[in-house]
Amino acid sequence: MRRILDIFRINPQPKKGLIAIEWLTIAYMAFTFCIMLFCWTKVVNPRAMIMGRLNILFTTLALWLVYRMIPCRFTYAMRVICSLLALAWWYSDTYELNRMFPSFDYLVASWEQSLFGFQPALVFAKNFPSAIISEQLDCGYFMYYPLIVFTVAVYMIFRHEEFHRVGFIILAGFFLYYVVFIFFPVVGPTYYYDAIGTDQIAQGIFPDLGNYFNSHNDCLDMPGWKDGLFYHLVEDAKAAGERPTAAFPSSHVSISTLCMLLLLRLHNKRVVLVALPFYLCLCLATVYIQAHYAIDAIAGFLTAIPVYGILLLTTKKIKTHD
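In this text, all values refer to a predicted model and were calculated from it rather than measured experimentally.

Thresholds, definitions, all that
- Counting restarts for each chain, with residues numbered from 1 along the sequence as it is written.
- It should be noted that, the model being predicted, local features are given only for residues of pLDDT at least 70 and side-chain atom pairs only at 80 or more, the latter also being counted only at that level, while totals for whole chains, interfaces and linings use all residues.
- Excluded from the side-chain calculation are hydrogens and water; included are all heavy atoms of the structure.
- Numbering of helices and strands runs from the N terminus, with a helix taken as a DSSP run of H or I at least four residues long and a strand as a DSSP run of E at least two residues long.
- In this description the radius of gyration comes from C-alpha coordinates, and the expected globular size is given by 2.2 Å times residues to the power 0.38.
- Throughout this description, buried means an accessible area under 20% of the type-specific maximum (1.4 Å probe, protein chains only), exposed means over 50%, and partly exposed covers the range between.
- In this analysis, two residues are considered to be in contact whenever any of their non-hydrogen atoms come within 4.5 Å of each other.
- Note on areas: Shrake-Rupley, 1.4 Å probe, and residue coverage restricted to the protein chains presented here.
- To get an axis, a line is fitted to the C-alpha atoms, and for a helix only the part in contact is used. The angle between two axes follows their N-to-C directions and goes from 0 to 180 degrees.
- When describing relative orientation, an angle under 35 degrees is termed roughly parallel and one over 145 degrees roughly antiparallel, while 65 to 115 degrees is termed roughly perpendicular and anything else oblique.
- Three categories are distinguished: nonpolar for Ala, Val, Leu, Ile, Met, Phe, Trp, Tyr, Cys and Pro, charged for Asp, Glu, Lys and Arg, and polar for the others, with Gly belonging to the last.
- Put simply, a salt bridge is a Lys or Arg side-chain nitrogen that is within 4 Å of an Asp or Glu carboxyl oxygen.
- By this rule, a helix spans an expected 1.5 Å times one less than how many residues it contains.
- Candidates for patches are residues over 30% relative accessible area with no salt bridge; among them, like charges are joined within 9 Å and nonpolar side chains (Val, Leu, Ile, Met, Phe, Trp, Tyr) within 5 Å.

### Comments concerning the overall build of the protein chain
- Counting secondary structure elements, the protein chain contains 16 helices and zero strands.
- Here the C-alpha atoms of the protein chain give a radius of gyration of 21 Å, agreeing with the 20 Å that 2.2 N^0.38 yields for 322 residues.
- By principal-axis analysis of the C-alpha atoms, the protein chain measures approximately 70 × 50 × 35 Å.
- Each of the 322 residues in the protein chain was classed as buried or not, and the buried ones make up 50%.
- A separation of at least 24 residues holds for 85% of the contacts in the protein chain among residues at least 6 apart in sequence.
- Taken as a whole, the protein chain presents about 15,400 Å² of accessible surface, with 69% of it coming from carbon and sulfur.

Here is the structure:
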């Protein structure tokens, strides 16, 4: 009961201005708006993109005002959480930006072929069609956002003084990868294989499709056990928000790796053991369901480690002021 009351206890010395995670959102908003202006003649949905930014800016300022009127732990937490929730919109926004540029799938698929001698995304599910494997990996993939929520929630409950810092690290990680996605568009195997044909892919033929995915969103049927619960959950999630964008490096792998590193930092074995199976299945699932090339997953893991180190060092002064 005391912990619950502490959540709503008024802070006599609240932080007056915007907090770090809100400034980060505004900085990314301004950066991507400049890209829009520079490429204005190529933007497909400029009105929706501008309105989305205005909505996020209005929500940020509204939550700041609520906190100023009721400065407590709950209203402060809402400012951090809502900044993270906006990621759902920012993800779709990357497609509106990078669809202005030609895709580089032919390059990534060629690197894949050179590295492995075949296309792992083409053969993984075929070689492991078991319903048990399919459901385990689909479950891991489905747990991507719950893993992020779990990480933020654990810090909010057990190490509240670093809750804002952790939210900032996760959001900054997303934004860093989104910038890569904008300037290096890769749609992933499910879209590229469908456009080319799996027969050509199996023969090692990877043509440059240029701007094809600017107006084509068709993809392969997801492999795996089609009667599985998690198979359908992943399919529904893809149908609701998936776009031909954001494949290299895999943000699923990179952000979930950031989350695991943050959980390891708590030195709590139980917390890590709860998250670890989902993390491992998620990393494998990115290739299994053909959402990513294997090289996307490898790049996501390898880049997440220095990104984590840099963000951890540069966020030492970020504390939860409530």
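### Here's the deal with unusual backbone geometry
- In this chain, F248 is followed by P249 through a cis amide linkage whose omega measures -15°.
- Relative to the assigned elements, P249 resides in the loop between α13 (229–241) and α14 (251–264).
- A positive phi angle, close to 60°, is found at A246, a residue other than glycine.
- When you line up the elements, A246 lands in the loop between α13 and α14.
- For A246, a relative accessible area of 7% translates into the label buried.
- One non-glycine residue, H267, lies in positive phi territory at about 55°.

### Comments concerning the packing of helix α2 (residues 20–38) against helix α10 (residues 163–183)
- Packing of α2 against α10 leaves a shortest axis separation of 9 Å and a crossing angle of 10°. For the element pair α2 / α10, the angle class is roughly parallel. Residues A20, I21, L24, T25, Y28, F31, T32 and I35 of α2 form the contact with α10, whose participating residues are H164, G167, F168, L171, A172, F175, Y178, V179, I182 and F183.
- Residues of the contact of α2 with α10, tallied by class, amount to 14 nonpolar, four polar and no charged.

### Some details on the pattern of salt bridges
- Per the counting criterion, the structure on display carries six salt bridges.
- Measuring nitrogen to oxygen at the nearest pair gives 3.1 Å for the salt bridge that ties R99 to E96.
- The class for R99 is buried, based on a relative accessible area of 13%.

### Structural notes on the environment of P120
- Here P120 is to be found in helix α7 (residues 120–127).
- A residue is classified by how much of its surface remains accessible, and P120, at 10% relative accessible area, is buried.
- Between the C-alpha atoms of P120 and T314, which are 194 residues apart in sequence, the distance is 37 Å.
- If near-sequence neighbours (up to four positions away) are discounted, P120 is found in contact with E112, V287 and A294.

### Quick look at helix α4 (residues 73–85)
- An ideal rise of 1.5 Å per residue puts 18 Å on 13 residues; α4 measures up with 18 Å between its terminal C-alpha atoms.
- For α4, the complete set of buried residues consists of T75, Y76, A77, R79, V80, S83 and L84.
- In this fold, the buried residues of α4 make contact with α2, α3 (46–69), α5 (87–98), α9 (144–158) and α10.

### Comments concerning a nonpolar patch on the surface
- Where nonpolar side chains cluster on the molecular surface, the patch consists of L115, F116, F118, I298, F301, L302 and I305 and spans about 610 Å² of accessible area.
- If you list the elements that add at least two residues to the nonpolar patch, you get α6 (105–116) and α16 (294–314).
- Counting residues per element, the nonpolar patch draws most heavily on α16, which supplies four residues.
- Among the structural elements, L115 can be located in helix α6.
- Overall, the relative accessible area of 52% leaves L115 in the exposed class.

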